[in-house]
Every structure is written in structure tokens, then in C-alpha cells.
Amino acid sequence: MTGTDQLTTGGCQCGAVRYAFTGKTINPSLCHCRMCQKAFGSYFAPLGGVKNENLTWTRGKPAIFQSSPVAERGFCAACGTPLTFRYIADSDTNIALGSLDHPQNEIPVNAYGTESEMPWFDWLATLPAHATETSTAPDRLAAITSFQHPDHDTDR
Ligand SMILES: [Zn+2]
Ligand SMILES: [Zn+2]
């Protein structure tokens, strides 16, 4: 397999919905618009396009909320993870990049909806940093067992 033929996989937090496509996303971007903020429960949405014919739902399917006459958003009905945004008339689907198994491989190249960008967005990279091991009490750390689906496909 060469770079562009590589299978890219991802899915929701509980693993009920999984997907795959070849290559990388088209125009990986951040959208700061108010609808994406709400849909993701976040300050912005990281999204990248995949041609519909290149996108396969390998386990389950997302539930759909139509957020406007022209657009719909997919999410896992079991755990709530936002998974997609797409314009209904278009031939591609935008994948929520944080749901990829290896989200670090997609580097955002555009920012949209910047009229709603948080006024302190540029300040985020300067926040005091704390790794989980140093900011969580040892007894709590020891008690954490992740129920999150691992970052790779599984048999069930
Ligand atoms: Zn789920
Ligand atoms: Zn948006």
C-alpha cells in the first residue's frame, strides 16, 4: 500500500459505529460556526471531507439530525459522539476528525465560521499544561478503566 491507498479508520467512543476510507480527508478544517459549536459541545468542530463512494460504515450507522434544510449531522445514538457533517446535496461527507483512530495525521488547513470564533482562541496554546498522570490523584488514576473503544478495528 502506498500513502494515498492507506486505509483510514475511526468511530465513536463506544464502538457501536465504525467507519473506514482510503487516503486522507479533503480540506481538513476547523469550523467555529455556532451550529458546529453546539453540535460538538465544543468551541469548534474539526472536520475533513471524504467522497461518499469512498466512505464505508464498517459497524453500525450514525443517527442523523438535520440541522438545516441543506445539512445533516451524524452521531452515535448509543454514546453521543459527533461523527459527521454533510450538505445533503453534496457528494462528500465531512468526518469529525477527533473520531479518527489517528487524528494527529490530519492537519487543519482552513478555519471557517470565524464570525463565531472564541475571542480567546489564539490564547489556547499558552494555557498552563498538565499531563493526566500529574494532574490526577494516584488512587483515582488506579480506578480508571476505560470503556472507550480502542483506536483500531475489533472483532466485536
Ligand atoms: Zn457510540
Ligand atoms: Zn460549522
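For the structure itself, look to the data block above.
Here goes a summary of the coordinates provided. Since the model is a prediction, treat every value here as computed from it, not as a measurement.

Cut-offs used in this document
Per chain, residue numbering runs from 1 following the sequence as it is written. Labels are handed out in written order, letters beginning with A for the chains and numbers beginning with 1 for the ligands. The predicted nature of this model means local features are confined to residues of pLDDT at least 70 and side-chain atom pairs, given and counted, to a pLDDT of 80 or more, with totals for whole chains, interfaces and linings taken over all residues. Helix numbers and strand numbers start at the N terminus; a helix is a DSSP run of H or I with at least 4 residues, a strand a run of E with at least 2. Throughout, a pair of residues is in contact if the C-beta atoms placed from their backbones lie within 7 Å. For this analysis, nonpolar core means a set of buried Ala, Val, Leu, Ile, Met, Phe, Trp, Tyr and Cys residues linked through C-beta atoms within 7 Å. Partly exposed residues are those falling between the two cut-offs: more than 12 but fewer than 20 other C-beta atoms within 10 Å of their own, whereas 20 or more means buried and 12 or fewer means exposed, with C-beta atoms placed from the backbone. The rule for pairing is simple: two strands pair if DSSP sees at least two bridges between them. Here an angle of 0 to 180 degrees is reported between the N-to-C directions of two axes, which are lines fitted to C-alpha atoms, with helices fitted over the stretch in contact.

**Some thoughts on the overall build of the protein chain**
Reasoning step 1: Check the secondary structure of the protein chain and you find 3 helices and 10 strands.
Reasoning step 2: Helices (α) and strands (β) of the protein chain occur, in sequence order from the N terminus, as β-β-β-α-β-β-β-β-β-β-β-α-α.
Reasoning step 3: Along the first, second and third principal axes, the C-alpha set of the protein chain runs to 50 × 45 × 35 Å.
Reasoning step 4: Counted over contacts in the protein chain with a minimum sequence separation of 6, partners at least 24 positions apart contribute 59%.

**Concerning the nonpolar core**
Reasoning step 1: Judged by nonpolar contacts, the single largest core of 20 residues is most densely connected at Cys-31, Ala-45, Leu-47, Leu-83 and Ala-96.
Reasoning step 2: Looking at this core, the elements that each hand over two or more residues are β2 (18–22), β3 (26–31), α1 (34–40), β4 (45–51), β8 (82–87) and β9 (92–96).
Reasoning step 3: Sort the elements by how many residues they give to this core and β4 lands first, with 3 residues.
Reasoning step 4: Contact partners of Leu-83, with chain neighbours within four places excluded, come to Cys-12, Val-17, Pro-62, Gly-74, Phe-75, Cys-76, Ala-96 and Ser-99.

**Focus: unusual backbone geometry**
Among all residues except glycine, the phi angle is most often negative; among peptide bonds, the trans geometry is most common.
Reasoning step 1: You will see that Asn-27, though not glycine, has its phi angle at about 50°, which is positive.
Reasoning step 2: Tracing the backbone through its elements, the reader meets Asn-27 in strand β3.

**Thoughts on the sheet that holds strand β7 (residues 71–75)**
Reasoning step 1: Reading across from one edge, β6-β7-β8-β9-β4-β3-β10 is the order of the 7 strands in this open sheet, with mixed pairing throughout. Only two strands of the sheet have a single partner each, and these edge strands are β6 (63–68) and β10 (110–112). Direction aside, neighbouring strands of the sheet carry axes that sit 30° apart on average.
Reasoning step 2: Here 2 bridges tie β8 to β9, and the two strands are oriented antiparallel to one another. Pairing of Phe-85 across the sheet is with Asn-94, part of β9.

**Observations regarding the pairing of strand β1 (residues 7–11)**
Reasoning step 1: Where β1 meets β2, 5 bridges bridge the pair, whose relative direction is antiparallel. Across the sheet, the residue bridging to Gly-10 is Tyr-19, located in β2.
Reasoning step 2: Following β1, the chain reverses through 6 residues before pairing antiparallel with β2; Gly-15 in that reversal takes a positive phi of roughly 90°.

**A short note on the sheet that holds β1**
Reasoning step 1: Strand order in this open sheet of 3 strands is β1-β2-β5, and the pairing throughout is antiparallel. At either end of the open sheet lies a strand with only one pairing partner, and these are β1 and β5 (55–59). Direction aside, neighbouring strands of the sheet carry axes that sit 25° apart on average.
Reasoning step 2: For β2 and β5, the ladder comprises 4 bridges, and the chain directions are antiparallel. Residue pairing across strands places Tyr-19 opposite Trp-57, the latter belonging to β5.

**Observations regarding the environment of Glu-133**
Reasoning step 1: Tracing the chain through its elements places Glu-133 in helix α2 (residues 132–135).
Reasoning step 2: Each C-alpha atom, one on Glu-133 and one on Ala-143, is 13 Å from the other, the two residues being 10 residues apart in sequence.

**What to know about the environment of Gly-49**
Reasoning step 1: Note on placement: Gly-49 falls in strand β4.
Reasoning step 2: You can call Gly-49 buried: it has 20 C-beta atoms within 10 Å.
Reasoning step 3: Each C-alpha atom, one on Gly-49 and one on Ser-29, is 9.1 Å from the other, the two residues being 20 residues apart in sequence.
Reasoning step 4: If we ignore the near neighbours within four places in the chain, the residues touching Gly-49 are Thr-25, Ile-26, Asn-27, Asp-92 and Asn-94.

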